[in-house]
Every structure is written in structure tokens, then in C-alpha cells.
Amino acid sequence: MAENKSAPASKAISATSQPVEVAKLIEQLGDDDFRVRQSASLRLTSLPGSAVTAVEAAAQRGGFDPESTIRLELALKVLQP
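Nothing here was measured: the structure is a model prediction, and the numbers come from that model.

Draft legend 1. Examining the pattern of salt bridges more closely. Tallying each qualifying case throughout the model produces four salt bridges. In this structure, the salt-bridge partner of glutamate 67 is arginine 71, at a minimum N-O distance of 2.8 Å. Pair noted here: glutamate 67 and arginine 71 are both in helix H4 (residues 66–79), with a separation of four residues, about one helical turn. A residue is classified by how much of its surface remains accessible, and glutamate 67, at 30% relative accessible area, is partly exposed. For arginine 71, a relative accessible area of 11% gives the class buried. Taken together, the shared-partner salt bridges in this structure form one network comprising Arg37, Glu67 and Arg71.

Structure below.
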């Protein structure tokens with residue numbers, strides 16, 4: 001049976017684990033499995049406002065494939081006030 005690499009969209013992220021979780025979600029934006037990419041996008045857009053800094057830093061750092069870049073930019077549009 002295949003492992004489900006995507007996390008449920010409702011899973012809460014603690015403040016201490018947030019940077020690690022954000023980095024993991026950003027990495028998953030480039031996953032080979034569409035479901036993992038989609039789940040990561042949804043999770044990024046549901047993070048608290050304190051995640052904006054980490055998402056912005058990743059977007060500015062760049063080096064992502066085109067789809068990941070678009071997903072990251074869309075997440076920023078949702079997260080930014």
C-alpha cells in the first residue's frame with residue numbers, strides 16, 4: 001500500500017515547529033505526486049500569519065521549478081494581509 005505523504009489540511013502547527021513545517025511544505029511543492037503538491041499548497045495557505053516571513057524568504061531565495069514558484073507566489077498572496 002502506498003504511503004500517504006500529504007498531511008491533512010486541518011492539522012495544527014505549533015509555533016516551535018512552524019519553521020520546520022514551512023520548509024517541509026515548500027519542499028513538497030515540487031513533489032512528483034500532484035496530491036502532495038496540492039496538499040502542501042493548501043497547508044501553506046492555511047498557516048498563521050507568522051509563517052509569511054518564512055514563505056517570503058523562500059520565494060526571494062528562488063531556485064524552484066516553475067510550478068513550485070507559482071504555488072509559492074499564490075500562497076503569499078493568500079497569506080499577506
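Draft legend 2. Fine view of helix H3 (residues 52–61). All of the buried residues in H3 are Val52, Val55 and Ala58. With its buried residues spanning 130 degrees around the axis, H3 presents them on a single face. What points out from H3, more than 90 degrees from its buried face, is the exposed set Thr53, Gln60 and Arg61. Contact partners of the buried residues in H3: helix H1 (18–28), helix H2 (34–45) and H4. After H3 finishes, the residue glycine 62 shows a positive phi value of roughly 70 degrees.

Scoring rules and cut-offs
Residues numbered from 1 in each chain as written. Predicted model: local features only at pLDDT ≥ 70, side-chain atom pairs only at ≥ 80, totals over all residues. Heavy atoms only, no water. Salt bridge = Lys/Arg side-chain N within 4 Å of Asp/Glu carboxyl O. Helix = DSSP H or I, 4+ residues; strand = E, 2+ residues; numbered from the N terminus. Buried < 20%, exposed > 50% of the residue type's maximum accessible area, 1.4 Å probe, protein only. Arc of directions from axis to C-beta. Contact = heavy atoms within 4.5 Å.

That's the geometry; what it means functionally is another story.
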